[in-house]
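Residue-level structural notes
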Amino acid sequence: MHYILAAAFCCLVFLACQPGADQSDMEPFTREVDSLLAQMTLEEKVGQLNMYNGTWEFTGPVPADESNQKKAEMIKNGQVGAMLNVLTAEGIRAAQQLAVENSRLGIPLMFGYDVIHGYKTMFPIPLAQAASWDTAMARRSSQIAAREMTAAGLHWAFGPMLDVAPDGRWGRIMESAGEDPLLNAVFGWAWIEGLQGDDLSDLHTAAACAKHFAAYGFAEAGLDYFTVDISDQTLYNVALPPFKMAVESGVASVMNAFNEINGIPATGHKKLQRDILKGEWNFPGVVLSDWASINELITHGYSADRREAAIAAITAGSDVDMESRIYEEQLPELVRSGVVDEALLDDAVRRVLTLKFKLGLFDDPYRYSDAQREQETLLAAEHLTAAREVGAASIVLLRNEGNLLPLSATTKRIAVIGQLANSKDVVLGSWRAQADADSGVSILEGIRDAVATGSTVEFAQGYNLVEGRRSFIYDLNLVEGDRSGFPEAIRLAAQSDVVIMVIGEDCYQTGEGRSQVDIGLKGNQSELVNEILKVNQNVVAVLMNGRPLAIPEIAGSVPAILETWYLGSEMGHAVADVIFGNVNPSGKLPVSFPHHTGQEPFYYYKKNSGRPVPNAFDAGMVFWAHYTDSSNEAVFPFGFGLSYSSFAYDEPEFSVENSEVNVSVTVTNTSEVAGIETVQVYIRDIAASETQPVRRLVDFKRVALAGGESRQVRFTLTADQLGYYLSSGQFITESGVFEIFVGGNVRDTRSGRVEVIFD
Ligand code: NOJ
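Residues numbered from 1 in each chain as written. Predicted model: local features only at pLDDT ≥ 70, side-chain atom pairs only at ≥ 80, totals over all residues. Heavy atoms only, no water.

Concerning helix α9 (residues 232-239)
- Those residues of α9 not exposed but buried are Gln233, Leu235, Tyr236, Val238 and Ala239.
- The secondary structure elements touched by the buried residues of α9 are α8 (181-196), α10 (241-248), α11 (270-280) and β27 (724-725). (Buried < 20%, exposed > 50% of the residue type's maximum accessible area, 1.4 Å probe, protein only. Helix = DSSP H or I, 4+ residues; strand = E, 2+ residues; numbered from the N terminus. Contact = heavy atoms within 4.5 Å.)

Have a look at this one:
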């Protein structure tokens, strides 16, 4: 399946430069929308572009003058088109009633929410799901998220996030599919398919929202909300392709971004929104501003005041105003005076109304408000089972010296050490929608549930990472220098057969507004690991984190390491499934793990430069692209992940036919254990009109192999995969020599060169 998606991705990349035909005639509900539009006053039209926040949950700064009374009056007057953060089937019914039963035209509201990796049942964070390299798993998770959220009255998910994230310091990397554009594109496709299904009017599907358009993941130094200054080459080849694919997948909406891009804030970026997204790509859906981002056009220093901000945003193609309250205030007069063409307003309103028709809200505005369905659906047993399976598939085995893993369930004395091991809350991850606090299965619980009678599992907290309040909206109090738990942990480790050492980050060290200058382990976690290793060498490190970590010390000293991210409601069980061998790990890293934070932004698709590091580097020579105090390699490279099986690659074969490259490689499971290997193909265009990266992932396939089994795996690389975007935005294919790499991660590959001639 993945190669089909990969091919589709490349095809879409190619198509991105083709001007699209006008699709407006092909949109359904044109007649219904036009007839409604004809009845609307200017204020009512603007009202449809107005998105208000519910009052009991906040995910951004709230205007101080807010009063529920006023909000209700606005809804009754038809001056609000959609809401976010209004919750429960009954709560949404009540808000819907205000609009439908009181406003002149009775146009229903849409209700949106940040459903990022589940609604009540939490699935692995998106970064973890991408580590499965299994888009079917991702689709299943968002299908269930859609079932739950629609049962709770909601029908618009503000996800998936498709921001390629090359910098581990950026807290929102946890919401992405990592550093690679192809992974973000194919996972985005799967999440959208899962949420939207084939039919938005199906009671169990929701409108998706591809966000944040565009390049939000390139914030300078990984600082959330900060300036983005990237080349057009990076914009076209890295940042935009996942969004292009989302549009082709039929995503219902797109959210723009907080950041500026080379001097123009995304919300006011006409070229991006009006020309590329709605023009070249022919996107027929709704473009939503991010929270107050129209107002932030002023803060950016782009618009002088709210009037100018309104003009810039509507002209650029931002249809819906989320919580700036600028459209409601400015647009009626701007349209009346002819400063803003009414056709722009009508286009935006049409998009909103069309989506409401597609969702079936005009047939029955209360169709998603069924309290009984809500009660039956949330946390259904099969949802938890799925969360456990997706969880186990997202785990990456990073090291397994002496085959320490899997452990036998009859291991007599197991020590579980680490504050994070005992948390039923951290497991849920950041952006956990409506998951109840402390509702997940902790790693300690998961291990206790998995061991045989006669085994003992004892716990010691060891380190103290976080103290006091833990919350989505407040910074954490990270603790340094508390060694009070060391003696007990060391004593327990010394008398145990094996130590499961859970280390990493609190989930609220990641997510929106949670950038870090240091992506190493906080507090004295590394120090404790060293102390434990002195008394017991049988240590399994279980990493919990939402970004790549710089942990060279752990990587070299702890014999077994599992990257387990935040896996959601069933985390403890999923981790135990892998630790005790009920599931053979098959995940691969969607992000590179560096030696030091100072290497960030650290991603595999770097350019060669004029002075790449040669062998002379080993001899200590200076004048090459290297650091004097660190390797510039990854500790764990992109695409890396071990298994309880072992796989061997034969020499791949390459041939060229009709300007396409055929790749064939035989992969053998050299162990007795059945397992899954993800075979990856990268290319390098050796000489190009604009220089190309040293590797670029173009395709991958997950291959299940029984013990001892061999399989020939084939790929065909088409012109769409071999070509690239020029800085002008034009897609080209250039004849010449390509190096093709095949392997189980970006570093350990076998390669060959081919010459491809394009007509
Ligand atoms: C701001 C975030 O950037 C966006 O992703 C989210 O959907 C909105 N807040 C609404 O909560």
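Remarks on the pattern of salt bridges
- Scanning the model with the defined rule gives 35 salt bridges in all.
- Between Arg350 and Asp34 there is a salt bridge, with the nearest N and O atoms lying 2.9 Å from each other. Here Arg350, found in helix α15 (residues 342-358), pairs with Asp34, found in helix α2 (residues 30-39); they are 316 residues apart in sequence, far enough to count as distant.
- The class of Asp34 is partly exposed, set by a relative accessible area of 31%.
- Among the charged side chains, a network of salt bridges with common partners joins Asp425, Arg432, Arg470 and Asp506. (Salt bridge = Lys/Arg side-chain N within 4 Å of Asp/Glu carboxyl O.)

As for the pairing of strand β29 (residues 736-743)
- With respect to burial, β29 is a largely interior element, 7 of its 8 residues being buried.
- With 6 bridges connecting them, strand β24 (residues 675-685) and β29 associate as antiparallel partners. Bridge pairing links Ile683 to Ile740 in β29.
- Bridge count for β29 against strand β30 (residues 749-756) is 8 bridges, and the pairing is antiparallel. For Gly736, the partnering residue across the bridge sits in β30 and is Val756.
- Hairpin connection between β29 and β30: a loop of 5 residues separates the two successive antiparallel strands. (Pairing = 2+ DSSP bridges.)

Some words on the packing of aromatic side chains
- Applying the stated criterion across every chain, the model contains 22 aromatic pairs.
- Measuring from centroid to centroid gives 6.2 Å for Tyr216 and Phe258, while their planes differ by 70 degrees, and the two rings are edge-to-face. Here the residue Tyr216 occupies a position in the loop between β5 (209-213) and α9, and Phe258 occupies one in the loop between β6 (253-256) and β7 (260-261), the gap between them amounting to 42 residues. For the pair Tyr216 and Phe258, a shared accessibility class is recorded, and that class is buried.
- For the pair Phe357 and Phe362, a centre-to-centre distance of 3.9 Å together with 25 degrees between the ring planes defines the contact as stacked.
- Residue classification places Phe362 among the partly exposed positions, given a relative accessible area of 26%.
- Here the aromatic cluster, defined as three or more aromatic residues joined through ring pairs, consists of Trp133, Tyr603, Tyr604, Tyr605, Phe638, Tyr682 and Phe700.
- Over the aromatic face of Tyr474 sits the side chain of Arg469, whose NZ or CZ is 3.8 Å from the ring centroid.
- Over the ring of Tyr603 we find Lys606, and its NZ or CZ is 4.1 Å from the ring centre. (Phe/Tyr/Trp six-rings, centres within 6.5 Å; stacked < 30°, edge-to-face > 60°. Lys NZ or Arg CZ within 6 Å of the ring centre and 35° of its normal.)

As for the nonpolar core
- Judged by nonpolar contacts, the single largest core of 217 residues is most densely connected at Ile417 and Trp565.
- A total of 10 residues in this core trace back to one element, the largest contributor, which is α8.
- Grouped together as the second largest cluster of nonpolar side chains are 22 residues, Val665, Val698, Val703 and Leu717 included. (Core = buried A, V, L, I, M, F, W, Y, C linked by side-chain atoms within 4.5 Å.)

Regarding unusual backbone geometry
- Here the amide bond leading from Phe213 into Ala214 is cis, since omega sits at 5 degrees, within 30 degrees of zero.
- Residue position: Ala214 is located in the loop between β5 and α9.
- Geometrically, the link from Glu600 to Pro601 is a cis peptide bond, its omega value of -5 degrees lying close to zero.
- Positive phi, normally seen in glycine, also occurs at Trp133, with a value near 50 degrees.
- Looking at where Trp133 falls in the secondary structure, it is placed in the loop between α6 (126-131) and α7 (135-151).

Observations regarding the packing of α7 against helix α17 (residues 381-393)
- Interaxial distance between α7 and α17 falls to 10 Å at its minimum, and their mutual angle equals 150 degrees. In terms of orientation, α7 lies roughly antiparallel with respect to α17. Two packed elements cross with a definite hand, and for α7 against α17 that hand is left-handed. In contact with Met137, Arg140, Ile144, Arg147 and Glu148 of α7, α17 contributes His383, Ala386, Glu389, Val390 and Ala393.
- Looking at the contact of α7 with α17 residue by residue, the classes come out as 5 nonpolar, 1 polar and 4 charged. (Axes fitted to C-alpha atoms, helices over the stretch in contact; angles between N-to-C directions. Parallel < 35°, antiparallel > 145°, perpendicular 65-115°, else oblique. Left-handed = near helix turned anticlockwise from the far one by under 90°. Nonpolar A, V, L, I, M, F, W, Y, C, P; charged D, E, K, R; others polar.)

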